[in-house]
Every structure is written in structure tokens, then in C-alpha cells.
Amino acid sequence: MSKRQIGDVILDVRHISLRFGGVKALTDISLDVREHEVRSIIGPNGAGKSSMLNCINGVYIPQEGSINFRGRSFNQLSSRDVAQMGIARTFQNLALFKGMSVIDNIMTGRNLRIRSSLLSQAFRNPFGLGGAQREEEKHREFVERIIDFLEIQAHRKTPVGQLPYGLQKRVDLGRALAMEPQVLLLDEPMAGINLEEKQDMCRFILDVNDEFGTTIVLIEHDMGVVMDISDRVVVLDYGRKIADGTPDEVLNNEEVIQAYLGTTH
Ligand SMILES: Nc1ncnc2c1ncn2[C@@H]1O[C@H](COP(=O)(O)OP(=O)(O)OP(=O)(O)O)[C@@H](O)[C@H]1O
């Protein structure tokens, strides 16, 4: 596929179980993600895919198990802490500010870094604003680079709510990229967009992976896309892991075929 080198495991999910009252959303799930790979999580509706992402990025706290990121083990960190560690995420139902411009929305993804750099500036030079302004400039330049990369220059000043849905998905990706994540969690990036927009989105995901070396964890229902762009795929069904391997291995797995035939997918 590309020249990128898949490295060691950087994200290791170990024996995660998550319950909501009597509902077992995840039961003893283990999966690992290697540096630079595109790793997909698939499964029928209600299989536990979003719950898994929510555990990884601190939205849900699993009752059992732990997550290890670059040697640091956690299962009770806030989303903000997880983002600060280098794990960013896009959302199935876009989490954008519809009345704000494209550039300002992407800038919100930069806030985490702006705050920490402003804080360190204040400690270094409590009476000088010049440094802080230069920092702000650098962040704006970075955001402009993302806008160029995602080919949305023409829409920089447009309120996000006025853009077609496919472009809004791209802005959501830009907002996550603004965090300069090491791992990017993508929750159904192809949902609700047309074929041409899907081709664009695939290209951007692969370019992010290739050019920035960002590790991608993807939830997606479009099997064509998953099989095309993933290095490895894990399959969940009713909160349990039923398969894990290359796209070919997973496609030919009897349990996976049964899980999909037994649903409306
Ligand atoms: N906040 C919650 N409260 C109660 N039950 C929940 C909650 N979140 C998820 N669940 C339940 O956990 C199970 C797994 O749901 P989840 O959304 O993770 O599945 P999914 O594979 O992402 O589904 P889909 O493909 O439809 O998005 C489902 O039975 C769901 O109803």
C-alpha cells in the first residue's frame, strides 16, 4: 500500500468489560494497535464499537480491564487527559459548532495546545505578551496548513452549518488533526456521505496516516472502505470479539459471515 513502516504496539486494550445496568456492552475485549497502522473495528449494530472508542478516549469508564498507551496504563482518565496524551477523535454525530467558521472550528481542536503553551509562556515571561502573540500566530499557521491539506481553503470563513455534510465531516477531521494526535480515532467517517465524498475521505485518511505517520483506529460500516484501507480488522458481535486479523482473514471467517448474515447489514 505505502512505504510507511508499521511499528510496535502503542495502544493495548486489555480485557475490557463495560456494562450499563444489565446491558453488557463489552465483554472481556482485548485488542492491540500498532504504530502507523490503520486498524478497524467492525460489527453489526449494537456490537459495541462506539462503546470501545468511548472507553479508549475516556468517555466511558469500563468496570474491568485497562488500556495501555505507550507504556502508560489507564482506565479512569478524562477525555481531556486522553487527548493530552495524544489520542484524538472524530464523532459519528459531528461535534462541531455550526454557527462558527471552518477556521474557528478547527482552532478549537488546537485549544488544548494553546492553553498549555500560554501557560508555559506565562511562567517564562509573566510580563511579556509578545511571546504569547507569536505562539498564537504559530497555532493559526498550523491550522491554515490543515485547511490546505484538507482542500477546504475556499470555505475557511464559512459557518460550518452552511457546508454540505461531506465537507462538515472533513472539518471534523481537521479539528481532530489540529491536536497533532499520535492516534486518531475515527467514528464512522463515511456515514451519510456520497460516493465521491467517500473517495475523498479515504484519500485524506490514508494521507494522514502516510504523511503524518498518524495511527488510525476506525469504526466503519462500509465494508468496501474497511477492507480497502485497513491493515488489520477486529470484529465485535454482541459485545464480544469474534475475529481479529487481516481483511482477508476476517472476510473468510465463518463466525463473521454468520454475524453479518444474521443482521440487516
Ligand atoms: N450510554 C449508554 N447507556 C445504555 N446503554 C448503552 C449506552 N451506550 C451503549 N449502550 C448499549 O451498549 C450496546 C453497544 O452499543 P454501541 O453503541 O457501542 O454499539 P455500536 O456497535 O457502536 O452500534 P452502532 O453500529 O449502531 O453505532 C448496545 O446494546 C447499546 O444499546
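Heads up: the structure comes first, above all this text.
Residues numbered from 1 in each chain as written. Predicted model: local features only at pLDDT ≥ 70, side-chain atom pairs only at ≥ 80, totals over all residues.

A few points about the site of the ligand
The environment of the ligand is formed by F20, V23, A25, G43, N45, G46, A47, G48, K49, S50 and S51. Looking at the shell around the ligand, the elements with two or more residues in it are β2 (23–34) and α1 (49–56). If you tally residues by element for the shell around the ligand, the top one is α1, at three residues. A per-class count over the shell around the ligand returns four nonpolar, six polar and one charged. (Near = placed C-beta within 6 Å. Helix = DSSP H or I, 4+ residues; strand = E, 2+ residues; numbered from the N terminus. Nonpolar A, V, L, I, M, F, W, Y, C, P; charged D, E, K, R; others polar.)

Observations regarding the sheet that holds strand β1 (residues 9–20)
Read across the open sheet, the four strands follow the order β2-β1-β4-β5; overall the sheet is antiparallel. Of all the strands in the sheet, just β2 and β5 (72–74) have a single pairing partner and so form its edges. Going from strand to strand, the sheet's axes swing by 20° on average, the running direction of each strand aside. Relative to strand β4 (residues 64–69), β1 is paired through five bridges, and the arrangement is antiparallel. Directly across from D12, in β4, lies its bridge partner N68. (Pairing = 2+ DSSP bridges. Axes fitted to C-alpha atoms, helices over the stretch in contact; angles between N-to-C directions.)

Comments concerning α1
Count 3.6 residues to each turn of an α-helix, and residues three or four apart come out pointing the same way. Where burial is concerned, most of α1 is hidden: seven out of the eight residues are buried. Along α1, the residues classified as buried are K49, S51, M52, L53, N54, C55 and I56. (Buried ≥ 20, exposed ≤ 12 C-beta atoms within 10 Å, placed from the backbone.)

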